[in-house]
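Examining the three-dimensional arrangement
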Amino acid sequence: MNILHLDENHPLLISQLEALGHTNHEDYTSSKSEIEAKIHKYDGFIIRSRFKIDAEFLAKATNLKFIGRVGAGLENIDCKFASAQGIKLISAPEGNRNAVGEHALGMILSLFNKLNKADREVREGKWLREANRGVELDGQTVGIIGYGNMGKAFSKKLRGFEAEVLFHDLKENIGDENATQVSLAELQKRATILSLHTPQTPLTLNMVNKQFIDAFQHNFWLINTARGKSVVTKDLVAALTSGKILGAGLDVLEYEKSSFENLFNDDQMPSAFQYLIQAENVLLSPHVAGWTKESKEKLAQTIVDKFKVHFH
């Protein structure tokens, strides 16, 4: 096969595909329209998140047999159109699930122990012990929404803590030794920590809004390593202001698909985002929960392994 690589990934991806007898071409700089003009020459392409793979693009890929997405989500691809064209979609949620689980746990522990705030204060010559008294994860009830690769990896990380772990998922009867499956209403009644591990779908878009937040019986902590558009930022800020949400760890943001740097122009920054970057009980990272040295290799290997299953 002729395979086009649209994003740089771990070198094993190309070397192992070459060893299988395939021809690899790399193009990390051309515009979408330039790629469209030559995509008919390729049997497959491999992408991370460089641009949206819509029906118009796929219609020009007349010889395409597969798309490799080096990551978990497929929301940037018109999956329905691709399937109708007989194009095999290969993604790699197994490749970065451990990284996401560790990042989510790290965010909770950092928020609970005020590590960012305490670190900054010590560097400024402040030794404030009482102001940095922490909270323990033991005794908390963690509610997970979405119990696929990421949710399961996160619940596994929690096994060393004396915390109750619940989850809600659209699939039935998928509970295991690490977490108990409950209804959404039951999760909202009991959870003191909420961690999102859902893909971006019409159901999860703007899911965490005022009505959703108000349905929680307890004040709670929010962790989002899933998709930014699942949380309505202005409703999150209102809940942080009122104390309904005690703190938030956000690896993803509602605004991240627009040019993030432009948000820092005075006239561009939404007031809700301005609140987040100043809040001491909010921890932010740039969509890197799944980005570790190990996951880079595992993601690439997962794509190769799945490719072999379907095409060798």
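Refer to the structure above for everything that follows.
The rules behind each value
- Residues numbered from 1 in each chain as written.
- Predicted model: local features only at pLDDT ≥ 70, side-chain atom pairs only at ≥ 80, totals over all residues.
- Heavy atoms only, no water.
- Patch = residues over 30% accessible without salt bridge, like charges linked within 9 Å, V, L, I, M, F, W, Y side chains within 5 Å.
- Areas by Shrake-Rupley, 256 points an atom, 1.4 Å probe, with all protein chains shown as cover.
- Salt bridge = Lys/Arg side-chain N within 4 Å of Asp/Glu carboxyl O.
- Helix = DSSP H or I, 4+ residues; strand = E, 2+ residues; numbered from the N terminus.
- Buried < 20%, exposed > 50% of the residue type's maximum accessible area, 1.4 Å probe, protein only.
- Contact = heavy atoms within 4.5 Å.
- Axes fitted to C-alpha atoms, helices over the stretch in contact; angles between N-to-C directions.
- Parallel < 35°, antiparallel > 145°, perpendicular 65-115°, else oblique.
- Left-handed = near helix turned anticlockwise from the far one by under 90°.
- Arc of directions from axis to C-beta.
- Phe/Tyr/Trp six-rings, centres within 6.5 Å; stacked < 30°, edge-to-face > 60°.

**Quick look at a nonpolar patch on the surface**
A cluster of nonpolar side chains, contributed by Phe260, Phe264, Ile277 and Leu284, occupies part of the molecular surface with about 310 Å² of accessible area. Along the polypeptide, Leu284 turns up in strand β12 (residues 282–284). The class for Leu284 is partly exposed, based on a relative accessible area of 34%.

**Some details on the side chain of Thr225**
Within the secondary structure layout, Thr225 lies in the loop between β10 (220–224) and α10 (233–242). Note on Thr225: relative accessible area 9%, which makes it buried. Ignoring any residue separated from it by four or fewer positions in sequence, one finds Thr225 in contact with Val100, His103, Ala104, Leu196, His197, Asp251, Val252 and Ala289.

**Observations regarding the packing of helix α5 (residues 93–112) against helix α12 (residues 293–311)**
The interhelical angle for the contact between α5 and α12, taken along N-to-C directions, is 155°, at an axis separation of 7 Å. Considering their axes alone, α5 and α12 lie roughly antiparallel with respect to each other. Of the two possible hands of crossing, α5 and α12 adopt the one that is right-handed. Residue-level inspection shows Pro93, Glu94, Gly95, Asn96, Asn98 and Ala99 of α5 in contact with α12, the latter providing Ser295, Lys298, Leu299, Thr302 and Lys306.

**A look at unusual backbone geometry**
Keep in mind that most residues, glycine aside, have a negative phi and that most peptide bonds are trans. Phi at Asn206 is positive, roughly 60°, even though this residue is not glycine. Looking at the secondary structure, you find Asn206 in the loop between β9 (193–196) and α9 (210–214). Positive phi values are uncommon outside glycine, yet His287 reaches one of about 55°. Considering the arrangement of structural elements, one finds His287 in the loop between β12 and α12.

**Side note on helix α11 (residues 271–278)**
By the burial criterion, the buried members of α11 are Ala272, Phe273 and Leu276. All buried residues of α11 project into a common sector of 95° when viewed along the axis, lining one side. Turned more than 90 degrees off the buried face of α11, the exposed positions are Ser271 and Gln278. The inward-facing, buried residues of α11 abut α10, β11 (245–250) and β12.

**Side note on the packing of aromatic side chains**
When we look at a pair of aromatic rings, we describe it by the centre distance and by the angle of the planes. Per the stated rule, a full pass over the model turns up eleven aromatic pairs. Between Tyr147 and Phe167, the ring centres sit 3.9 Å apart and the planes meet at 10°, which makes this aromatic pair stacked. Linking Tyr147 in the loop between β6 (141–145) and α7 (149–157) with Phe167 in strand β7 (residues 164–168), this pair joins segments that are 20 residues apart in sequence. The pair Tyr147 / Phe167 is uniform in exposure class, with both members buried. Both rings, one in Tyr255 and one in Phe273, keep their centres 5.6 Å apart while their planes meet at 65°; by these two values the pair is edge-to-face. Highlighted residues: Tyr255 in the loop between β11 and α11 and Phe273 in helix α11, separated in sequence by 18 residues. On the basis of relative accessible area, Tyr255 is assigned to the buried category, the value being 13%. Look at Phe273 and you get buried, because its relative accessible area is 1%.

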